[in-house]
Amino acid sequence: MNPETRRNRRNDRGLRFLLPFLTGLLLIALWYGIKALFNLHDYILPAPHQVLQAFAAESDTLLRATLMTFSGAFLGFLAAVILGAAMALLMVSFRYLRYSLYPFVIFMQMSPIIATAAIVVIIFDVGLQSVVMIAFLIGFFPIVASALQGLRSVPERHLELFKLYRSKPWQELFWLRVPYALPYFFTGAKIAATLAVIGSVTGEIFAGSTDGSGGLGFMIIVYKSELKISAIYAATLICCVLGFLFVSLVLYLRWICLRHWHDSLITAE
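A brief structural summary. All of these numbers come straight from a predicted model, not from anything done at the bench.

## Topic: the state of the cysteines
Inspection of every chain in the model, using the stated rule, returns 0 disulfides. With no disulfide of its own, Cys239 lies closest to Cys240 among cysteine sulfurs, the gap being 6.8 Å. The buried category is assigned to Cys239, whose relative accessible area is 13%.

As structure tokens, then:
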């Protein structure tokens, strides 16, 4: 790598941090500007400093709610990753199973999360188990679809080379198809990571709480009934941060797994 390329990449890394920071400041200024320009009441659009005050005033409650939402989202996401990858491997290994199940995988991705949440709560009752199940269902099918696409997208010339050397089916699966499918799998996992928090919060809104306390979704409903609008914004921002953390975890694992051989990561370093 020549010195100019290294210098350009160092500059790009700096810009990746500087530009989002400046954009954030611009958005905060725009927030204040919209509130002042349209003279919006605090019950409609609280100012950023009021949201920060709500963070401080409700810190204990929000922290407890965040931990509960994180638990539901993480457990559901983890189950979706493990079972989704296993299902994709089975479906690519047994074509009759793929023919039987793949249409339903696509079909279930079309199911509205609100309807799914209502059905899950009816079956599993309120509580963490319903939240985990909703987070699992919303992430499972995108992972299966993406991983299966990757497993079946191996170039024919690579498959012919493995056949030429008389490789066993398991060798073709784990030494060729799985590495080739990793970028697809991580794409599905990134989608599932985003949806996991959405599913967890939606589940909490529907499942509520058995002991009067719950996750961020439950607290949003409580704050709405108490007209604590700034606290609603605070809880919503925490949901966004949780989603960002989940996606960041997936991207970090993707970087670890692909950085030494996949073009998209090698050229980005």
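## Description of the pattern of salt bridges
A side chain of one charge can pair with a side chain of the opposite charge when the charged atoms of the two come close. Using the criterion set out here, one finds 4 salt bridges in the structure. Linking Asp42 and Lys35 is a salt bridge whose minimum nitrogen-to-oxygen distance equals 2.7 Å. What makes Asp42 partly exposed here is its relative accessible area of 36%. On the basis of relative accessible area, Lys35 is assigned to the buried category, the value being 13%. Ionic pairing is found between Lys228 and Glu226, a salt bridge with its closest N-O pair at 3.4 Å.

## Concerning helix 5 (residues 113-124)
Its 12 residues give helix 5 an end-to-end C-alpha distance of 16 Å, which sits within 8% of 16 Å, the value for a rise of 1.5 Å per residue. Buried within helix 5 we find Thr116, Ala117, Val120 and Val121. Projection of helix 5 onto a plane perpendicular to its axis shows the buried side chains occupying an angular sector of 130°, all on one side. The exposed residues of helix 5 that point more than 90 degrees off its buried face are Ile114, Ile122 and Ile123. Contacts from the buried residues of helix 5 go to helix 6 (128-151) and helix 8 (169-207). After helix 5 finishes, the residue Asp125 shows a positive phi value of roughly 70°.

Cut-offs used in this document
- Residues numbered from 1 in each chain as written.
- Predicted model: local features only at pLDDT ≥ 70, side-chain atom pairs only at ≥ 80, totals over all residues.
- Heavy atoms only, no water.
- Disulfide = S-S within 2.5 Å.
- Buried < 20%, exposed > 50% of the residue type's maximum accessible area, 1.4 Å probe, protein only.
- Salt bridge = Lys/Arg side-chain N within 4 Å of Asp/Glu carboxyl O.
- Helix = DSSP H or I, 4+ residues; strand = E, 2+ residues; numbered from the N terminus.
- Expected span 1.5 Å × (residues − 1).
- Arc of directions from axis to C-beta.
- Contact = heavy atoms within 4.5 Å.

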